[in-house]
Amino acid sequence: MPVVETHAPGRFCWADLGTTDPAGAKRFYTGLFGWSFEDRPMGDGSFYTMFLLNGKSVAALYPQDAQQQAMGIPPNWLSYIAVESADQAAERTRGLGGTVLMDAFDVLDVGRMAMIQDPTGAVVALWEPRRHQGAEVIEEPNTLCWNELATTDTTRAGAFYSGLLGWQPERQQYGPIDYTIFKQGERMNGGMMEIAADWGPVPPHWLVYFAVDDCDATAAAAERLGGSVQMPPSDIPGVGRFAMLKDPQGATFAIIKFVPV
């Protein structure tokens, strides 16, 4: 299990879960992925919980505050992208038509972050690492492996992220699905697809994927642990088998078993 020392600027580096029930969420995710956890005080009486796999950080959770709940923000996974400067990336966001929801600020001594919304409405965090680089293990079973943007305007979103992070959108076809791969050099860095009409009132969002050894077994385990299956296990030819799940508190995420390379 190789350990990631640093995440290059422009790469997805972290994800954390804002939830209404930290204790319940910890039971669910430790049961589902075999994670352990470590509660770290945030200084306001609450805790930032680091999820660990074999002692290495892979993700985190925190309790949603009363303001977030009053605004009707549901439990959700937030994706983080590594940047050289959170301040400069936030300023570029404004120039490219996005919205800065939270200006750059220091997170203790571990890093500096900003929270932005792209021109189509999807929210993502920008992370300038200091002591905390991000996930220490990625793209292994039970760790983060992919981030996917669902949006109402792929052209506008593609231009925004290209301008902000230097990504190169590359369109591909997976059966009837028109899919965009965001590339950074030769590396596939994330994906994008249009929100279909039959999805209902789904807002633009970034979806986190966790790699698993067995998609069907993990989906079944999620249900036993109190979660639900939003999209049953399905095959993507040449890519793998995936499913969309929802944890007991309502946060959506995806799992995937990639085909061997």
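Before reading further, recall that the structure is shown in the block above.
What counts, and where the lines are drawn
- Residues numbered from 1 in each chain as written.
- Predicted model: local features only at pLDDT ≥ 70, side-chain atom pairs only at ≥ 80, totals over all residues.
- Heavy atoms only, no water.
- Helix = DSSP H or I, 4+ residues; strand = E, 2+ residues; numbered from the N terminus.
- Buried < 20%, exposed > 50% of the residue type's maximum accessible area, 1.4 Å probe, protein only.
- Polar contact = N/O pair within 3.5 Å; in protein donor to acceptor, adjacent residues only side chain to side chain.
- Arc of directions from axis to C-beta.
- Contact = heavy atoms within 4.5 Å.
- Core = buried A, V, L, I, M, F, W, Y, C linked by side-chain atoms within 4.5 Å.

A.B. asks: Mind laying out the side chain of Asn142, listing which residues take part and the relevant values?
C.D. replies: Looking at the secondary structure, you find Asn142 in the loop between strand E8 (123-129) and strand E9 (144-151). Given a relative accessible area of 19%, Asn142 falls into the buried group. Within polar-contact distance, the side chain of Asn142 engages the backbone oxygen of Phe33 at 3.5 Å.

A.B. asks: Describe helix H3 (residues 86-95), with residues and values.
C.D. replies: Where H3 is concerned, the buried positions are Ala86, Ala89, Ala90 and Thr93. In a view along the axis of H3, the buried residues occupy a sector of 100°, so they form one face of it. In H3, those exposed residues whose orientation departs by more than 90 degrees from the buried face are Gln88, Glu91 and Gly95. Contact partners of the buried residues in H3: strand E6 (99-107), strand E7 (111-117), E8 and helix H4 (154-165). After H3 finishes, the residue Gly97 shows a positive phi value of roughly 95°.

A.B. asks: An account of the nonpolar core is requested, with residue identities and associated values reported.
C.D. replies: Grouped together as the largest cluster of nonpolar side chains are 28 residues, with contacts concentrated most on Tyr29, Phe33, Trp35, Trp77, Phe210, Phe253 and Ile255. The set of elements that each furnish at least two residues to this core consists of strand E1 (12-19), helix H1 (22-33), strand E3 (47-53), strand E4 (56-63), strand E13 (205-211), helix H5 (215-224), strand E15 (240-246) and strand E16 (252-258). Ranked by residue count, the leading element in this core is H1, at 5 residues. Not counting residues up to four positions away in its chain, the partners in contact with Trp35 are Tyr29, Thr30, Phe51, Leu52, Leu53, Val58, Ala59, Trp77, Asn142 and Phe210. The next biggest cluster of nonpolar side chains, apart from the first, holds 23 residues, and it includes Val83, Ala90, Ala122 and Leu149.

A.B. asks: Could you give me a rundown of the side chain of Lys26, with the residues and numbers involved?
C.D. replies: Looking at the secondary structure, you find Lys26 in helix H1. The exposure class of Lys26 is buried, given its relative accessible area of 13%. A polar atom in the side chain of Lys26 sits 3.1 Å from the side chain of Asp39. Residues in contact with Lys26, not counting those within four places in the same chain, are Phe37, Asp39, Thr49, Phe51 and Leu61.

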